[in-house]
Structures are given as C-alpha cells and as structure tokens.
Amino acid sequence: MSEGQRDGSVLFTLPPFALAMGMTLAADEDSSPIVTMQFGAHSEGRPGFLHGGAIGGLLEMAGFAALSAHLARNGVNQRMKPINISIEYLRAGLPQPVYAIGQVVRAGRRVANVRVEAWQSDRAVPIASCWMNFHLAAPKG
C-alpha cells in the first residue's frame, strides 16, 4: 500500500494522505520514526511558507508513527483512535524540508499521550509541537 519503516518487528505504514503530502519515514531516533515532509506546491500556504494544515498533518502522522512503534515494541496489539490534538505553532515554516518525531509520554491500557515536535534545519529550534491523546481499543475482528 505505501512505504514503511522497519524497527525490529515494527512496521508503520504511511496512509495515502501522508504520501500525497510528500511525507516519508526516515531513520529511527530513540526508537521513534522520524517523519519528513518536503516543501512544495502540495504544502505551501502563503507564498514561500508552509501551510499550517500541512504542518498539523505532519505532527499527526509522527504521533501515530511513534505510538505504533511503541505498542509494537511492547507486544501490544491495539487500535489507536485519536481523542484530541493540541497544536502549538511556534515559528513560520520555511521552504525547506520539515521533520517531526513523537515521544510516547504514557501508554496505559486505554489511553496514550504522545508529544510531537517538528523542526527544520535545527532540531533545537522547533517550528511546531503538539500533544495527542489516543484511545487504545481492542483490534476489530
């Protein structure tokens, strides 16, 4: 269906939306996949800057990738259903690649909390961050 990143037994697949937005999975860092999005007509808002919705979509995909990898590493087979996402836009996104990585702060039996940061040329200078809360449910079937 799409490309994936393998981390041991972890295989996260980007959905069609992410592929249409030019997102790819990069090397893992601290056991969480890094999601990368190239700048282009598909992600441009006002001329010469990333669209806030494109940045939000990147943050969301990085959150799903981080939680998926975390659950797989721990041998947990649960569906991830987003409850909410709270995005903080910190700086304008410039016409260059943007990267995002998520960190699972807590993953209980029913709820997981994930923190995600996006940056461009310097990871110490994020352009956006978010908190995502997920409901964890038994797989269908």
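Residues numbered from 1 in each chain as written. Predicted model: local features only at pLDDT ≥ 70, side-chain atom pairs only at ≥ 80, totals over all residues. Heavy atoms only, no water.

**As for the pairing of strand β7 (residues 111–119)**
Then, number 1: Direction of pairing for strand β6 (residues 98–107) relative to β7: antiparallel, over a ladder of 8 bridges. Bridge assignment links Ala100 to a residue of β7, and that residue is Ala118.
Then, number 2: Taking the residues that link successive antiparallel strands as the turn, the β6-β7 hairpin has 3 residues.
Then, number 3: Across 9 bridges, the pairing between β7 and strand β8 (residues 126–137) is antiparallel. Counted as the bridge partner of Ala112 is Phe134 from β8.
Then, number 4: Between β7 and the antiparallel strand that follows it, β8, lie 6 residues. (Pairing = 2+ DSSP bridges. Helix = DSSP H or I, 4+ residues; strand = E, 2+ residues; numbered from the N terminus.)

**A word on the environment of Tyr89**
Then, number 1: Here Tyr89 lies in strand β5 (residues 79–89).
Then, number 2: Taking the C-alpha atoms as reference points, Tyr89 and Pro126, 37 residues apart in sequence, are found 9.0 Å from one another.
Then, number 3: In this structure, Tyr89 is in contact with Gly52, Gly53, Ile55, Gly56, Ile127 and Ala128, ignoring residues within four places of it in sequence.
Then, number 4: Polar side-chain contacts of Tyr89 include one of 2.9 Å to the backbone oxygen of Gly52. (Contact = heavy atoms within 4.5 Å. Polar contact = N/O pair within 3.5 Å; in protein donor to acceptor, adjacent residues only side chain to side chain.)

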